[in-house]
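Chains, contacts and geometry: an overview
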Amino acid sequence: MACVVNLNKKRNAKRAAAVTVGAVLLTMLSSPAAFALIPDDGDDPGPGLSVAETLGLFVAAPIAIFALITAAVILTDRRR
């Protein structure tokens, strides 16, 4: 019985690995512009972000939005 369980775990692990590799490859193939080394004509990049701006934009802002949505759901649920 233990051998059958171990075999099922190996199959599940292989399946999960295959799905993960497939998702990563699909993502990489669908976004070739992210790996562009030569800028296109008409590119006009703006100034870079500081560390604080980057953390605020990509960490603090999503957490704040999540907190606001959570608070709205909790407050509307408590009123009932």
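This write-up is about the structure you can find in this document. (Residues numbered from 1 in each chain as written. Predicted model: local features only at pLDDT ≥ 70, side-chain atom pairs only at ≥ 80, totals over all residues. Heavy atoms only, no water.)

**Notes on the overall build of the protein chain**
Threshold: Helix and strand assignments come from DSSP, with helices taken as H or I runs of at least 4 residues and strands as E runs of at least 2, each series counted from the N terminus. Only the protein chains shown count as cover for residues, with accessible areas throughout obtained via the Shrake-Rupley method and a probe of 1.4 Å.
Check the secondary structure of the protein chain and you find 2 helices and 0 strands. Counting only carbon and sulfur atoms, one obtains 70% of the accessible surface of the protein chain, whose full area is about 7,600 Å².

**Details of a nonpolar patch on the surface**
Basically, it comes down to this: Note on patches: the residues involved have over 30% relative accessible area and no salt bridge, like charges join within 9 Å, and the nonpolar side chains Val, Leu, Ile, Met, Phe, Trp and Tyr join within 5 Å. Salt bridges are identified by distance alone: a Lys or Arg side-chain nitrogen within 4 Å of an Asp or Glu carboxyl oxygen. Buried means the residue's accessible area, taken with a 1.4 Å probe over protein chains only, is under 20% of the maximum for its type, while exposed means over 50%, and partly exposed covers the values in between.
Together, L49, V51, L55, L57, F58, V59 and I63 make up an exposed nonpolar region whose accessible area comes to about 720 Å². By secondary structure assignment, the location of I63 is in helix α2 (residues 51–78). Overall, I63 belongs to the exposed group, its relative accessible area being 56%.

**Quick notes on α2**
So the rule is basically this: Residue count minus one, scaled by 1.5 Å, sets the expected span of a helix. Axes are fitted to the seven residues ending at a residue and to the seven starting at it; the angle between these axes is taken as the bend at that residue.
Spanning 28 residues, α2 covers 39 Å between terminal C-alpha atoms, matching the ideal 40 Å at 1.5 Å per step. Where α2 bends most, the angle comes to about 35°, and this point is A60, followed within four residues by the proline P62.

**A look at a positive patch on the surface**
Selection criterion: Positive: Lys, Arg. Negative: Asp, Glu. His and the chain ends are not part of the count. Think of each charge as sitting on NZ of Lys, CZ of Arg, CG of Asp or CD of Glu.
A contiguous patch of positive charge on the surface is contributed by K10, R11, K14 and R15. Here K10 lies in helix α1 (residues 2–30).

**Some remarks on a negative patch on the surface**
A surface patch of like charges, here negative, comprises D40, D41, D43 and D44. Judged by its relative accessible area of 56%, D40 is exposed.

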